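What follows is each chain in one-letter form.
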Amino acid sequence: MKSNSPRTLQIIIFLLIALGIIALALGGYLTPLSRIVINPIITAQTWLAKRYQAIQSLITQPADVTSLRQRNTELEAENARMQVQIIELQQQVTEAQVLSTLVDYERRHVENQYIAAAVIARDVSPFMHYVIIDRGSDDGIRRGMPVITQQGLVGQIAAVTAGAARVQLINDPASNINVALQQSGVEAVIIGQVTGEIGLEMIPQNASVQAGDLVVTSGLGGDYPANIVIGQVNTVRSQAYALFQSASVQPSVDFSQLGIVLIITNFQPVDISPLVPAAGTP
Amino acid sequence: MVILIGAILFGGLVIIQSTIISAMPLLNGTADLILLTIVAWALQDRVESAWQWCLIGGVFASLYTALPFGVLIAGYVIATGIARLLKRRVWKVPFLAMLAAIFIGTLIVHMLSLIARLIAGTNIPLIPSFNLIILPSLLLNILLAIPIFSLVRDLAGWLYPEELEV
């Protein structure tokens, strides 16, 4: 009994010290002390862990690199496939939008019958403003049929083969179209230029022409149906001594971005050349 | 064999010309891949099919233009003749001959095109045509002349291998 009492006292003291330490720790009084003790341990632990991981990765790396490279190649191939798919889908969306607009145009102009065609080539000579479309006489295309887009007049079929046709654009220097200004009803002629622009010529001197006036086909001459939009008047040139005024016109169609066009198939141009008196005829 | 390769080559070239090159103008001028290839071919040593390729290229190009048939062929034939002439005169500096032949050839092809349009009754102003079509086309053709010449020289080396003396 005598020998047990100091041991019990020691245990009680240790317990009290332990409880005191725990209480101090819980109260946060030991934090500075624990930092002093723990920081070197953490540093040593980190150092050792890094060396261990380095050695471990050195041992296992070859297998990982091979599998990662394989996986990387697979992912790259899949990525390339996805990119191609995205491009194809974007093209399809663009095409669908264009076709949708063309269908809208067709529904709004039910008096005409249309065939859609894709522009597949441009004339190889920069002096000629012609395009080639993927529809020909097998599809009912005939020379002289007007070609349009939802924006306006593109041109006229100039030559036809079985599976393709050549379209003379309205900005070709040999193109002359009888037009009218929608607001004033003034009649004039649209002439293509070698620069790819179009100009309004033979406007009567007394006619009032303003920038922004809408230019549409007049139907005179029988080459084109009436009221197809061509563009807007840009600037007007009027000289006192000249017989006519002239103007530059901003075409409504962007001829450099032609993709899909509509051909008006129920319009047959009228050949009025026999009615035009020859030069020198009284 | 050489004629067949020429037909395939110019078939491909005219498709590239009409779809890509014609849609990439500088002002209003465009490069002429067919003229470049014809002239580069005519300047190669050991090549004996220069006139045949010239005609093949001319026929293919004529199919893709609304110019009267024969205008481009005539232009390419003259350009080939000039190239063959220059090859004899400036044979030691083929790149220089290529540049000179392309310069003259481009002017001839474009002048013939212009004349053909004027004869057909189309009113084309000369100075804008020169500034906006002929000069930019000339620049593009001269820029492309050396790369095309190098490619055609490789092709000629493949089709007409140098004979080795044993």
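Described below are features of the structure shown in this document. (Residues numbered from 1 in each chain as written. Chains lettered and ligands numbered in written order. Predicted model: local features only at pLDDT ≥ 70, side-chain atom pairs only at ≥ 80, totals over all residues. Heavy atoms only, no water.)

Moving on, we get to the interface of chain A and chain B. Contact with chain A, which involves 18 residues of that partner, is made by 30 residues of chain B. Together chain A and chain B conceal approximately 1,800 Å² of surface at their shared face, both sides included; 66% is due to carbon and sulfur atoms. Considering only the surface of chain A that becomes buried against chain B, Val124, Pro126 and Phe127 of chain A emerge as the three largest contributors, covering 38% of it. The residue Arg117 of chain B makes a salt bridge to Asp172 of chain A at a minimum N-O spacing of 2.8 Å. Summed over the shared surface of chain A and chain B, the number is 10 residue pairs in polar contact (both at pLDDT 80 or more). When residues of the side of chain A that touches chain B are traced back to their parent elements, those giving at least two are strand E1 (114-122) and strand E2 (130-133) of chain A. (Contact = heavy atoms within 4.5 Å. Buried area = accessible area lost by both parts, 1.4 Å probe. Salt bridge = Lys/Arg side-chain N within 4 Å of Asp/Glu carboxyl O. Polar contact = N/O pair within 3.5 Å; in protein donor to acceptor, adjacent residues only side chain to side chain. Helix = DSSP H or I, 4+ residues; strand = E, 2+ residues; numbered from the N terminus.)

Before going further, it helps to spend a moment on the sheet that holds E1 of chain A. Strands sit in the order E1-E2-E5-E4-E3-E12 (chain A) around a closed barrel of 6 strands; the barrel is antiparallel. The mean inter-strand angle of the sheet, taken between neighbouring strand axes irrespective of direction, is 45 degrees. (Pairing = 2+ DSSP bridges. Axes fitted to C-alpha atoms, helices over the stretch in contact; angles between N-to-C directions.)

Our next topic: helix H2 (residues 33-42) of chain B. All names here are of chain B. Across the 10 residues of H2, 10 count as buried, placing the element largely inside the fold. Among all positions of H2, only Leu33, Ile34, Leu35, Leu36, Thr37, Ile38, Val39, Ala40, Trp41 and Ala42 are buried. Tucked into the core, H2 has its buried residues touching helix H1 (2-19), helix H3 (50-63), helix H4 (71-89), helix H5 (94-119) and helix H6 (126-159). Capping of H2 at its N-terminal end is provided by Asp32; its side-chain oxygen lies 3.2 Å from the backbone amide nitrogen of Ile34. (Buried < 20%, exposed > 50% of the residue type's maximum accessible area, 1.4 Å probe, protein only.)

All right, on to the nonpolar core then. All names here are of chain B. Counting 49 residues, the largest nonpolar core has Ile34, Val39, Trp41, Tyr76 and Met98 as its most contacted members. For this core, the secondary-structure elements that each account for two or more residues are H1, H2, H3, H4, H5 and H6. For this core, the element with the most residues is H2, which contributes 9 residues. Contacts of Val39, omitting those with residues within four sequence positions, involve Ala79, Ala83, Met98, Ala101 and Ile102. (Core = buried A, V, L, I, M, F, W, Y, C linked by side-chain atoms within 4.5 Å.)

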